[in-house]
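# Structure at a glance
Below are the chains, spelled out letter by letter.
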Amino acid sequence: MTDQRPTSAFHSDNADAIGVERLVNALDAQAANTGVRRLREWAHRAVAAPAGGQVVDVGAGTGSETRALAATVGPRGTAIGVEPHPGLRQVATERAATANSTARFVEGDAYALPLGDGEADTVWCERVFQHLDEPPKAAAEIARVLRPGGRVALLDTDWATMILHPGDPQVVAALTSGVLAAAANPYAGRRLVGQLAAAGLEIEDVGSQALIQDHRTVVWPLIRMMGATAVKDGRITAEQRDALYADLTAAAERQALHMSVTMFGVVARKP
C-alpha cells in the first residue's frame, strides 16, 4: 500500500490541515485496494472515453481518475474534476501539475455540475452517491450534461454487503448496522442501475468487486470506531465488543480474518 502524502501546504498543526491529510491518506489507501483497481480498470474500458472528448469526474477527490481520463482523451481533449472540498481540490491540482497532466479541478457538486446541457462525452462518478440524500437528482444532472451517445461510469459501495469474520453473528450485525445508519445512502450500489435508467439512460454493462482487506491485519481505526458506536448506542455491551476484538485479533494472527464490502459499477449511455 503506497502512502502518497499531500504537499507541504497541509503539513501544519492546523486541525483542518490534519483533517485533509487524513482524508487524502484514506483515499490513497482505498485507491491501492486490489478490488478498487480492478473495478476502475473495467469501468475505464467499458466507458471508453473518446480521444479529444470532454470528460467530467464528479467528486474527483485527489484527482487520480481525472488524470487517467485526461490521459485517455489526450491533449486535444478536456478533463475536468468537480470537487466541493477545497483541500482536496488543492491536492488534486498539485498532483496534476506534478504529473504534467492536463486535468483541471473546479468547485461544484453532483446536484449542480458546472457544464451546459449535452457538453460532456463522458462522466465518471465514483463513491459519491453513498453520500447523497437525493441520488436520483444527481443521476438526472449527469443525464443533463451528457451529449447524445455519451456514457457515464457510476461506481459505488453497497454497505449492506459488508462481511466481518469471525465473531458472534449478533455482535457483528450490531457493528455493521451502525455503518448502515451512518451513511446517507448506504444501499447506493444496488440502486445505481435503477437510478440511471429512471434518468433516461440505457444500461450497457454492470460489474462488481469485493473490496477485501488484508487477512493478516485488523483495520483497527474502523473496527474501534464501529465498536465504540455500537456500545454507545446500547446495541452491544463492552464485554461483547472486547470478545469480538479478541476473536478478530486471533484470526489475524492465524491469517484467517475476512473483512470485505462490495462495490458495484454501472456504465450507461445517453440515447
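Now for a look at the structure at hand. (Residues numbered from 1 in each chain as written. Predicted model: local features only at pLDDT ≥ 70, side-chain atom pairs only at ≥ 80, totals over all residues. Heavy atoms only, no water.)

### Section: the pattern of salt bridges
- A complete count under the given rule lists 13 salt bridges for this structure.
- A salt bridge links Arg 95 to Asp 28; the shortest N-O distance between them is 2.9 Å. Taken together, the positions of Arg 95 in helix α4 (residues 86-98) and Asp 28 in helix α1 (residues 15-32) put the pair 67 residues apart, joining distant regions of the chain.
- With relative accessibility at 12%, the residue Arg 95 sits in the buried group.
- Note that Asp 121 and Arg 147 form a salt bridge whose closest N and O atoms lie 2.4 Å from each other. (Salt bridge = Lys/Arg side-chain N within 4 Å of Asp/Glu carboxyl O. Helix = DSSP H or I, 4+ residues; strand = E, 2+ residues; numbered from the N terminus. Buried < 20%, exposed > 50% of the residue type's maximum accessible area, 1.4 Å probe, protein only.)

### Side note on the nonpolar core
- The biggest cluster of nonpolar side chains holds 43 residues, and the ones touching the most others in it are Ala 153, Leu 175, Val 218, Ile 223 and Leu 248.
- At the level of elements, α2 (34-47), α3 (64-73), α4, β5 (146-165), α6 (169-182), α8 (220-232), α9 (238-253) and β7 (258-269) are the ones that each hand at least two residues to this core.
- Those residues in contact with Val 218 that lie beyond four places of it in its chain are Ile 223, Leu 248, Thr 249, Ala 252 and Leu 257.
- Grouped together as the second largest cluster of nonpolar side chains are 27 residues, Val 123, Leu 196, Val 266 and Ala 268 included. (Core = buried A, V, L, I, M, F, W, Y, C linked by side-chain atoms within 4.5 Å. Contact = heavy atoms within 4.5 Å.)

### Comments concerning the sheet that holds β5
- With respect to topology, 7 strands assemble into an open sheet ordered β3-β2-β1-β4-β5-β7-β6, the strand pairing being mixed. A single partner strand is all that each edge strand has here, and the edge strands are β3 (104-106) and β6 (202-212). On average, adjacent strands in this sheet sit at an angle of 20 degrees to one another, irrespective of strand direction.
- Together, β4 (120-126), β5, β6 and β7 form the strand contacts of α2, whose direction differs from that of β6 by roughly 165 degrees. (Pairing = 2+ DSSP bridges. Axes fitted to C-alpha atoms, helices over the stretch in contact; angles between N-to-C directions.)

### Some thoughts on the packing of aromatic side chains
- Under the defined criterion, the tally for this structure stands at 1 aromatic pair.
- Ring centres of Trp 220 and Tyr 245 lie 5.3 Å apart, and the angle between their planes is 80 degrees; on these two criteria the pair is classed as edge-to-face. One end of the pair, Trp 220, is in helix α8; the other, Tyr 245, is in helix α9, and 25 residues separate them in sequence. Each member of the pair, Trp 220 as well as Tyr 245, is classed as buried.
- Its guanidinium or amino end placed over the ring of Tyr 111, Lys 137 lies 5.0 Å from that ring's centre, counting from NZ or CZ. (Phe/Tyr/Trp six-rings, centres within 6.5 Å; stacked < 30°, edge-to-face > 60°. Lys NZ or Arg CZ within 6 Å of the ring centre and 35° of its normal.)

### Here's the deal with the pairing of β4
- Counting buried positions along β4 yields 7 of 7 residues, so the element is predominantly enclosed.
- Here strand β1 (residues 54-58) pairs with β4 via 4 bridges, running parallel. Of the residues in β4, the one forming a bridge with Val 55 is Thr 122.
- Relative to β5, β4 runs parallel, the two being bridged by 6 bridges. Paired with Trp 124 across the strands is Ala 153, a residue of β5.
- In this view, the connection linking β4 to its parallel neighbour β5 by way of helix α5 (residues 135-145) has right-handed handedness. (Right-handed = clockwise from strand over helix to strand, strands pointing away.)

### Some thoughts on the environment of Thr 229
- On the secondary structure map, Thr 229 appears in helix α8.
- In this structure Thr 229 comes out as partly exposed when scored by relative accessible area, which is 33%.
- Side-chain polar atoms of Thr 229 contact the backbone oxygen of Met 225, separated by 2.9 Å. (Polar contact = N/O pair within 3.5 Å; in protein donor to acceptor, adjacent residues only side chain to side chain.)

### Side note on the pairing of β7
- The buried fraction of β7 amounts to 9 of the 12 residues, a majority that puts the element mostly inside the structure.
- Sheet topology places β5 next to β7; 11 bridges connect them, and they run antiparallel. Its bridge partner lying in β7, Asp 158 is registered against Thr 262.
- For β6 and β7, the ladder comprises 10 bridges, and the chain directions are antiparallel. Within β7, the residue paired with Ile 203 across the bridge is Ala 268.

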